[in-house]
Amino acid sequence: MNFAVVKCCSADAYDAIPQSLVKVDIGKALAALRSKGWREVADAGVMCVVEKGGIEATLYSSGRILVKTIEPIVAEDTAKEIYEAIAV
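Summarised in this report is the structure supplied together with it. (Residues numbered from 1 in each chain as written. Predicted model: local features only at pLDDT ≥ 70, side-chain atom pairs only at ≥ 80, totals over all residues. Heavy atoms only, no water.)

With that settled, consider the overall build of the protein. Helix and strand counts for the protein stand at two helices and six strands. When the helices and strands of the protein are placed in sequence order, the string is β-β-α-β-β-β-β-α. Compactness check: the protein gives a C-alpha radius of gyration of 12 Å against a globular reference of 12 Å for 88 residues, within 12% of the reference. With the C-alpha coordinates of the protein rotated into their principal frame, the extents come out at 30 × 30 × 20 Å. Residues counted as buried form 42% of the 88 residues belonging to the protein. In the protein, of all internal contacts separated by at least 6 residues, the share reaching a separation of at least 24 is 43%. (Helix = DSSP H or I, 4+ residues; strand = E, 2+ residues; numbered from the N terminus. Rg over C-alpha atoms; globule rule 2.2 N^0.38 Å. Buried < 20%, exposed > 50% of the residue type's maximum accessible area, 1.4 Å probe, protein only. Contact = heavy atoms within 4.5 Å.)

So, in structure tokens, the structure goes:
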């Protein structure tokens, strides 16, 4: 999955934005993430919040991922891990 990591200007977070159109089934994605050790924080149907190792990430049905961190490499590694887990 090709994606760009962009710093959010209003928060200590980074966005991972897919470079192609993606449609994520949040229910299936949550099941896959749970099997890889991610903990569900919230599930709103069109987006979910997960946490692992102190890193919180919000996954949207568009494939965008918001990673709460001040480190760009952590955001990139987290996004890669989530995209691989949900097989997009």
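Among the residues making up helix α1 (residues 26–35), those that are buried are Ile-26, Ala-29, Leu-30, Ala-32 and Leu-33. Buried residues of α1 fall within an arc of 165° about the axis and therefore sit on the same side. Among the exposed residues of α1, those oriented more than 90 degrees off its buried face are Lys-28 and Ser-35. A positive backbone phi angle near 95° is found at Gly-37, which sits one or two residues after α1. (Arc of directions from axis to C-beta.)

We now examine the pattern of salt bridges. Per the counting criterion, the structure on display carries six salt bridges. The shortest N-O distance in the salt bridge between Lys-52 and Glu-81 comes to 2.6 Å. Of the two residues, Lys-52 sits in strand β4 (residues 47–52) while Glu-81 sits in helix α2 (residues 72–86), which places them 29 residues apart along the sequence. Residue Glu-81 is classed as partly exposed on the basis of its relative accessible area of 31%. (Salt bridge = Lys/Arg side-chain N within 4 Å of Asp/Glu carboxyl O.)

As for its placement among the helices and strands, Gly-53 is situated in the loop between β4 and β5 (55–60). Along the chain, Gly-53 and Trp-38 lie 15 residues apart, while their C-alpha atoms are 8.5 Å from each other.

What follows is about the nonpolar core. Membership of the largest hydrophobic core comes to 23 residues, with the highest contact counts inside it found for Leu-33, Leu-59, Ile-65 and Ile-86. Those elements giving two or more residues to this core turn out to be β2 (14–18), α1, β4, β5, β6 (65–68) and α2. Sorting elements by how many residues they give to this core places α2 first, with six residues. In contact with Leu-33, not counting residues within four places along its chain, are Trp-38, Val-50, Leu-59, Ile-82, Ala-85 and Ile-86. (Core = buried A, V, L, I, M, F, W, Y, C linked by side-chain atoms within 4.5 Å.)

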